[in-house]
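If you want the building blocks of each chain, they are given just below.
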Amino acid sequence: MLLPSCAVNYSFTGTNINYELTKTFSVENFFNDSGGGPANMEQRFTEALKEFYQRNTNLELIRTNGDLQFSGAIKQYAITPQATVSTTDPNLPDRAGQMRLTIGIEVEYINTVNEEENVKRTFSFWKDYDPRNTSILQVENVLIQEIFENIIQDIFTATVANW
């Protein structure tokens, strides 16, 4: 008598990659189409994405045509006021008590093994800072790194973790 069986693969990183079929991934250089941010921002994002997948999967990074393929662009880099602070001097205007840096990245994910998992969407995240104590130039690199970490985690979840 034969019993049908099924197998569930678990991993410590939360992926559901079948490593017998999916062995490689490739990341095209992302572009900065936002019109803002530091000059090397797209390179920083591209490298951070590659490093995250190398650390959290057993996939081999190759230049092009990986089993999993990532491409896209930074579409939004915006600094906007979030909270106003009133001044006691009627001759001075109200000013921002908090500013928000928002970054949005459009990602196209192609899974050549399972095309039903292909995704094209924008991932975004934001961080606030207090302009009364610091300028954007003082905190920009740290904020960008923290935002990228959150966006990359969201991309990972949407692509190979399938939560």
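Residues numbered from 1 in each chain as written. Predicted model: local features only at pLDDT ≥ 70, side-chain atom pairs only at ≥ 80, totals over all residues. Heavy atoms only, no water.

**Q** Help me understand the overall build of the protein chain in this model?
**A** Counting its secondary structure elements, the protein chain contains 2 helices and 6 strands. Looking at the protein chain as a whole, 36% of its 163 residues are labelled buried. In the protein chain, of all internal contacts separated by at least 6 residues, the share reaching a separation of at least 24 is 70%. (Helix = DSSP H or I, 4+ residues; strand = E, 2+ residues; numbered from the N terminus. Buried < 20%, exposed > 50% of the residue type's maximum accessible area, 1.4 Å probe, protein only. Contact = heavy atoms within 4.5 Å.)

**Q** Can you help me understand unusual backbone geometry in this one?
**A** Backbone phi values are negative for most residues with the exception of glycine, while trans is the configuration of most peptide bonds. At asparagine 65, a position not held by glycine, the phi torsion is positive, near 55 degrees. Of the residues examined, asparagine 65 reaches a relative accessible area of 62% and is grouped as exposed.

**Q** Can you walk me through the environment of isoleucine 74 in this structure?
**A** If you trace the backbone, isoleucine 74 turns up in strand S4 (residues 68–85). For isoleucine 74, a relative accessible area of 0% corresponds to the buried category. The residues touching isoleucine 74, leaving out its near neighbours within four places in the chain, are Phe31, Asn32, Asp33, Ser34, Met41, Glu42, Ile103, Gly104, Ile105 and Phe148.

**Q** Sorry, what's going on with the pattern of salt bridges here?
**A** When their charged atoms lie close together, side chains carrying opposite charge are able to pair. Evaluated as defined, the whole model comprises 5 salt bridges. For aspartate 33, the salt bridge is made with lysine 75, and the minimal N-O distance between the two is 3.5 Å. Linking aspartate 33 in the loop between strand S2 (31–32) and helix H1 (41–56) with lysine 75 in strand S4, this pair joins segments that are 42 residues apart in sequence. For lysine 75, a relative accessible area of 41% puts it in the partly exposed group. Notably, a salt bridge pairs glutamate 47 with lysine 50, separated by 3.3 Å at the nearest N-O pair. One end of the pair, glutamate 47, and the other, lysine 50, are both in helix H1, 3 residues apart, so they sit about a helical turn from each other. (Salt bridge = Lys/Arg side-chain N within 4 Å of Asp/Glu carboxyl O.)

**Q** Which parts of the structure should I look at to understand the environment of glycine 35?
**A** Tracing the sequence through the fold places glycine 35 in the loop between S2 and H1. Taking the C-alpha atoms as reference, glycine 35 lies 7.4 Å from tyrosine 77; in sequence the two are 42 residues apart.

**Q** Whenever I open this one, the pairing of strand S1 (residues 24–27) confuses me. Can you help?
**A** For a regular strand, the rule is simple: side chains alternate between the two faces of the sheet. Neither face of S1 is open: one carries Thr24 and Ser26, the other Phe25 and Val27, and all of them are buried. Relative to strand S3 (residues 60–61), S1 runs parallel, the two sharing 2 bridges. Paired with threonine 24 across the two strands is glutamate 60, which belongs to S3. (Pairing = 2+ DSSP bridges.)

**Q** Looking at this structure, I do not really get the packing of aromatic side chains. What am I missing?
**A** Each aromatic ring pair is characterised by the separation of its centres together with the angle its planes make. With the rule as written, the count across this model stands at 9 aromatic pairs. Taken together, a centroid distance of 5.8 Å and an interplanar angle of 35 degrees make the contact between phenylalanine 25 and tyrosine 53 tilted. One end of the pair, phenylalanine 25, is in strand S1; the other, tyrosine 53, is in helix H1, with 28 residues separating them in the sequence. Neither phenylalanine 25 nor tyrosine 53 differs from the other in exposure class; each is buried. Here phenylalanine 45 and phenylalanine 148 contribute two aromatic rings whose centre-to-centre distance is 5.1 Å and whose plane-to-plane angle is 75 degrees, an arrangement assigned as edge-to-face. With phenylalanine 45 in helix H1 and phenylalanine 148 in helix H2 (residues 136–161), the pair connects residues that are 103 residues apart, well separated along the chain. The pair formed by phenylalanine 45 and phenylalanine 148 is uniform in burial state, with each residue classed as buried. Within the aromatic cluster, the residues linked to one another by ring pairs are Phe25, Phe52, Tyr53, Phe70, Tyr109 and Phe156. (Phe/Tyr/Trp six-rings, centres within 6.5 Å; stacked < 30°, edge-to-face > 60°.)

Note that every value here comes from positions in space, so none of it alone points to a role or purpose.
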